[in-house]
Amino acid sequence: MKVTHETQRLAYRYWGAGAACLIAGAALGILAAIPHGWPGVVSLPFEKIRPLHVTLAVGWVFLASMGAIFYFLPRMCDADWWSPGLARLQFWLLGAAGAAAVAQAVAGVSTGREYLDFLPAIAAAIGVAWICFAVNFFKTLARRPRPWPAYVWMWAVGIVLFAATLAEGHLHLLPGVGGAFPRDLTVQWKSIAGLIGSMNLLVYGTALCVAEHVAGDPGLGKSRRAFAVLWLATADALLAFARHTYAVNPSPVLRVVAVALSVAEGVLLAWILWSWTKPGGAEHEVPRKFLRGAAFWMGVNLCLGALLSIPSLNAVTHGTHVTTAHAMGSMIGVHTLVLLAAGSMLLSAGRSAGFWVLSVALPAFVACLLIAGTIKGVGMTRHGWSHFTATDRARPFLRGVALAGVALGLGFMLELHSARRASGELPAPAPGRRRRRLAFAAAAVGLASIPWWWPVRETLPSTPVELGRAVYEREACWKCHGVDAPDLAREIPPRSDGWLRAKLHDPRWTAPDSKMPSFRRLTESDAAALVAYLGSLRDARPFAWKASPAVTVAPRPAAPAPHAWCVYVTRCSTCHGYDGRGDGPAARFFAGDSMPRDFTRGLYRSRSTPGLPTDEDLYRTIVRGMPGSGMPPFAELSPADCWALVDIVKSFARRGDGRNPFVAFAREAPPIPPPPAPTPELVERGRAVLAAMKCAACHGEDLRGRSRRDGAFDWTDEAGRPIWRSRDLTRGVFKNGNAPEDLYRTIIYGQGGSPMPSFGDSLPDPLDRWALIYYLRAHADLGSKPRR
Amino acid sequence: MERATPLVLAALVLACVAVSALSYADRSADLSDEAREGKRAYERRNCAACHSVYGSGGVLGPDLTNVWSRRGPQHIARTLTEGWQAMPDPKLEGREVESLMDYLEYLDTTGEFPPRR
């Protein structure tokens, strides 16, 4: 377009400076996307790149808007700027401040804020330049009598608002704000919203001004709709903080009002731009296309912003790239397209190859961000993925973002490069306009209906079991152990919590040839959560009194195994200690559980004699383990190794230390009488025996065990270590096994070294003993949740 | 329309300013000295480039408002001294690690984000 006043030439300098910021900002945006898409491939200082990208992007919007104002205001006022000298001073001041801001970002000096991350001196320089601009603007405007078109009002409000925002953004320098939390954060949010609001006003003003010129009708700027947009945009700019602040927003009512304002403003503005840019003459074809594109993106971004305001959706998308898609969609889709329209009008650009590249690149860019953000948000809230896992799953789309960003940069460069005039042909009217409008309406309704049918889990994992499941997912345990760990729970017999915890620390403590990697790098809370999760699976399995495997005791070999001591060290000493005192390196993980046996004391849980166990008892314990304790089965050992271990275990008790100088292990056990056939009468008799023996005193009224943590007792084992709970008699998990013979042994001889006494003398009649056993087996608790 | 504009704008501005002043009347607490030092370190190192607090900040890393209770101090200490997963070693100096941990501990006491429904 023609330059009619001298200072208008400055407009081209502003717009050119802005364009340089745009290209540099786009390049930095691509650099910023690289750590997202390819972490660790190239080491880039993201904490420097981001402030630079943001400053340049905001700089582009402000410089280009000022360029448009510098051009169009003199045209409208029919007079040059009030003070060309001030305008030039302002340009150099802004340039110096901009260069200093770039230097600050490159040097890595930061004030830690997201936008306008300037040192106070630089911000002061910008403030002075802005005041110069404001003075010049209003003095120039005063030359033209009212009524002023709506877009001039928008510029005026935007200018005043930016000055206020710049000041508010520095309130944190005052101790009453910067030293108070969360007030500091609230003020930061408010100033960001004020910045967005003032940018919006400047850009909307530019859009309406350019659209008026495209349509060729000077009355459009004074229409009711235009003024309605002005009022809505002003109110919205002032209240935008209410929909952008999250947890620090004081009032949900305010938030709804802010959302409603933005929706109304956006709808109206998009409608105006769309209707003012109807296909017409060949003049201003390029600006017209850009403005139509901006109107379209305004509609898209509006829907996105409205969706993000719905609390249940917001819970999924906050902190993800969906928010970034909304921000970038508006910065690029609306602001940049409008300013490119203004620039192409200034330059009288005739063709634009850049427009078509942008039409492809921008939807791809926004779509990739939306998909990546959705994957991340849904993953974190619904599946409990950690932030890292969720970002990892979204990685392909983050790479798409970077590639689309490259295409965007290309589009900008193409657009700025084109300067050729259009040929004379009129463009044909767009066919199927009505169908397109219907499709748009249908899509809008479809999007608006999402809250009603999209199920969203709103809570994050909070209990230890849920957290443990998240850890299981994050550490990829499922790669070996199966997706839901039921395979883990099915394949391996129940292990105690302490055993699980020790196993995570070093899987080779009890199984030297295990291929499981160590997870000792897990934090205490993560490991405890994982153990809680696995424990919950163990305890929640469909209950059945799984019969304890019967152990055939192989005959003792003639010659002892030569490497027996190695077997003890590699498999047993990690819990039971090198000296058999129960103080091996894994023992500390059993602190809240049952501790590994101290063999030197000569007390053993599992025995079939009133005194010490037989060799067969020890053999059985080694092969079958002790269900319900940390002692796992070692069925994979050869019989020769097992016998050798039996001898080693016995030898600890013979080590002379004054406590057990003579330990006489039994040679053979008294035989167990044959069990009678179970009958209902016998079971009923068992109930009476149970009451008479007062088993409930230790095992609880419901026989599900009592706990030291509930203050039920303060027992310790033979080494003075606390015993935490008495046995739950309903689950079929017993240290000696749950076959009738095993229970017989336990009841008659008790558990050495534990508070369970022997009831041999209290129950002289074998029938009473079997009755009790049958009663216990008959009243197994089927399917209900175990007590932990 | 145009004639009414100054009045409408003035009314809107007054109303909105009055309303937004409410957000300054909040339940703010003064930071302790250690937390304030940590906040300065947080800003100086521009942690907000990647992390957010109450949703304000970057999205490259997780929100740090309640990381103290959700991950625990040992995890935080290890991350700040040697990095973890996608976070490189931040190469902090002097008392920065301790003061950042004080700040994160303080943040955890101020509220919960994201809010549990």
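Our structure's up above, just so we're on the same page.
Bear in mind the structure is a predicted one, so any value in this text is a computation, not a measurement.

(A) Representation of unusual backbone geometry within the structure. Residues and elements named next belong to chain A. Look at the link from arginine 146 to proline 147: it is a cis peptide, with omega at 5°. Checked against the element boundaries, proline 147 lands in the loop between helix H4 (120–142) and helix H5 (150–168). With phi around 55°, aspartate 78 is a residue other than glycine that occupies positive phi space. Mapped onto the elements, aspartate 78 comes out in the loop between helix H2 (46–77) and helix H3 (84–107). Given a relative accessible area of 64%, aspartate 78 falls into the exposed group. Positive phi values are uncommon outside glycine, yet lysine 694 reaches one of about 55°. Mapped onto the fold, lysine 694 is located in the loop between helix H27 (680–693) and helix H28 (696–699). On the basis of relative accessible area, lysine 694 is assigned to the exposed category, the value being 60%.

(B) Fine view of the side chain of aspartate 641 of chain A. Checked against the element boundaries, aspartate 641 of chain A lands in helix H26 (residues 639–654). No salt bridge forms around the buried aspartate 641 of chain A; measuring N to O, its nearest opposite-charge neighbour arginine 571 of chain A is 6.8 Å away.

(C) Layout of the nonpolar core. Formed by 134 residues in total, the largest nonpolar core has its most connected members in Leu73, Phe137 and Trp155 of chain A. When residues of this core are assigned to their parent elements, the largest contribution, 21 residues, is made by H2 of chain A.

(D) Region of the structure containing the side chain of arginine 745 of chain A. Summarising the element assignment, arginine 745 of chain A is placed in helix H29 (residues 740–749). Setting aside residues no more than four positions away along its own chain, arginine 745 of chain A makes contact with Arg607, Ser608, Arg620, Ile672 and Gly750 of chain A.

(E) View of the interface of chain B and chain A. Facing the 55 residues of chain B at the interface are 68 residues of chain A. Run the count over chain B and chain A and you get two salt bridges. As a salt-bridge pair, arginine 71 of chain B and aspartate 526 of chain A come within 3.9 Å of each other at their nearest N and O atoms. For the side of chain B that touches chain A, the elements supplying multiple residues, two or more each, are helix H1 (5–21), strand S1 (29–30), helix H2 (33–44), strand S3 (56–57), helix H3 (67–71), helix H4 (73–82) and helix H5 (96–110) of chain B. If you tally residues by element for the side of chain B that touches chain A, the top one is H1 of chain B, at nine residues. When grouped by side-chain class, the residues that make up the side of chain B that touches chain A number 26 nonpolar, 14 polar and 15 charged. Strand direction decides the pairing type here: strand S1 (residues 180–181) of chain A and S1 of chain B, joined by two bridges, are antiparallel. Bridge pairing in S1 of chain B places phenylalanine 181 of chain A opposite alanine 29 of chain B.

Rules used in this analysis
Residues numbered from 1 in each chain as written. Chains lettered and ligands numbered in written order. Predicted model: local features only at pLDDT ≥ 70, side-chain atom pairs only at ≥ 80, totals over all residues. Heavy atoms only, no water. Helix = DSSP H or I, 4+ residues; strand = E, 2+ residues; numbered from the N terminus. Buried < 20%, exposed > 50% of the residue type's maximum accessible area, 1.4 Å probe, protein only. Lys, Arg positive; Asp, Glu negative; His and termini not counted. Salt bridge = Lys/Arg side-chain N within 4 Å of Asp/Glu carboxyl O. Core = buried A, V, L, I, M, F, W, Y, C linked by side-chain atoms within 4.5 Å. Contact = heavy atoms within 4.5 Å. Nonpolar A, V, L, I, M, F, W, Y, C, P; charged D, E, K, R; others polar. Pairing = 2+ DSSP bridges.

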